[in-house]
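Listed below are the residues making up each chain.
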Amino acid sequence: MRGARGRRPPAGERRAAVAGAERLTAADSPMTRRENVLNASALDALTVERLVALVPPLTDTTFVVRLDGRAVVDRGDPTDGSSFRRIVLVSAVDERTRTVAAESAVTLPRRTDRVRLAFGEADVETVRANGRVLLHRPGGLRGAETVSVSRSETLTLSFDANATGPVEVTTAPERIRKATLEVTVDA
């Protein structure tokens with residue numbers, strides 16, 4: 001491999017670029033939701049200091065991290081450095097809240113992994129997802145409850161037959177897109 005000016009880049013540059021990409025996409029990275037799925041909001045908040053703390057081989061180098069060609073974070077101008085690219089997924093979550101009548105069912109968007117229900121003045125004893133009981137309290141559900149649900153199914157929430165009043169339903173569906181992550185390092 002040769003750099004932009006025809007020289008053979010030092011092996012340390014390549015190792016640092018690979019380490020940067022690997023650490024950014026690791027399952028336990030603060031930049032991911034799960035392995036190889038980058039968290040869009042974490043990337044937006046990424047700073048040089050946080051990246052160097054996450055990837056120590058970048059400490060005394062100039063570098064740039066790009067996502068689909070757009071610089072996410074950089075230090076200096078690594079014009080003659082080594083680059084490492086990998087295909088990743090980028091996940092963004094948009095929280096949505098709507099108020100529904102307890103007398104009717106509501107269908108949740110796919111890729112929702114949790115639901116927050118605020119009962120307020122509603123009179124509800126049971127909440128079901130696709131017929132399965134999620135929450136039940138004979139005296140009535142009060143306050144707010146957050147429950148985990150399958151993100152791979154389309155779910156319909158329904159309430160017990162005698163339920164009345166408004167229920168606030170908050171979901172956070174995940175939107176995923178494919179992107180190219182590129183880490184360039186010049187020692």
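Everything that follows concerns the structure shown earlier in this document.
First things first, this report covers the structure right here in the doc. (Residues numbered from 1 in each chain as written. Predicted model: local features only at pLDDT ≥ 70, side-chain atom pairs only at ≥ 80, totals over all residues. Heavy atoms only, no water.)

1. Considering the sheet that holds strand E11 (residues 144-148)
- Strand order across the open sheet formed by four strands is E6-E13-E8-E11, with antiparallel pairing between neighbours. The open sheet terminates on both sides in strands that have one partner only, identified here as strand E6 (96-101) and E11. Put simply, the sheet's adjacent strands are angled 25° from each other on average, direction ignored.
- Strand direction decides the pairing type here: E6 and strand E13 (residues 166-171), joined by six bridges, are antiparallel. Across the sheet, the residue bridging to Arg-98 is Val-169, located in E13. (Pairing = 2+ DSSP bridges. Helix = DSSP H or I, 4+ residues; strand = E, 2+ residues; numbered from the N terminus. Axes fitted to C-alpha atoms, helices over the stretch in contact; angles between N-to-C directions.)

2. Regarding the side chain of Thr-171
- Mapping Thr-171 onto the fold places it in strand E13.
- Looking at Thr-171, the relative accessible area reads 6%, which means it is buried.
- Residues within four places of Thr-171 in sequence aside, it is in contact with Asp-94, Glu-95, Arg-96, Leu-108, Pro-109, Thr-112, Arg-114 and Val-115. (Buried < 20%, exposed > 50% of the residue type's maximum accessible area, 1.4 Å probe, protein only. Contact = heavy atoms within 4.5 Å.)

3. Thoughts on helix H1 (residues 11-25)
- Helix length check: H1 (15 residues) gives 21 Å between terminal C-alpha atoms against 21 Å at 1.5 Å per residue, within 8%.
- Of the residues making up H1, those classed as buried are Glu-13, Ala-16, Ala-17, Gly-20, Ala-21, Leu-24 and Thr-25. Along the axis of H1, the buried residues cluster in a sector spanning 155°; they form a single face.
- Residues of H1 that are buried sit in contact with strand E1 (32-34), strand E2 (37-39), helix H3 (48-54), strand E3 (62-67), strand E5 (82-93) and strand E14 (174-186). (Expected span 1.5 Å × (residues − 1). Arc of directions from axis to C-beta.)

4. Some details on unusual backbone geometry
- In the Ramachandran plot, Asn-36 falls in the positive-phi region, its phi being about 65° despite a non-glycine side chain.
- Along the chain, the position of Asn-36 falls in the loop between E1 and E2.
- Positive phi values are uncommon outside glycine, yet Asp-68 reaches one of about 50°.
- Along the chain, Asp-68 turns up in the loop between E3 and strand E4 (70-75).
- Here Asp-68 falls in the partly exposed class, since its relative accessible area comes to 45%.

5. Side note on the sheet that holds strand E10 (residues 132-136)
- Ordered by their spatial adjacency, four strands build an open sheet running E7-E12-E9-E10, and the pairing between neighbours is antiparallel. Bordering the open sheet on either side are strand E7 (106-107) and E10, each of which pairs with just one other strand.
- Note: E7 against strand E12 (residues 156-159), two bridges, orientation antiparallel. When the sheet's bridge partners are listed, Thr-107 is paired in E12 with Thr-156.

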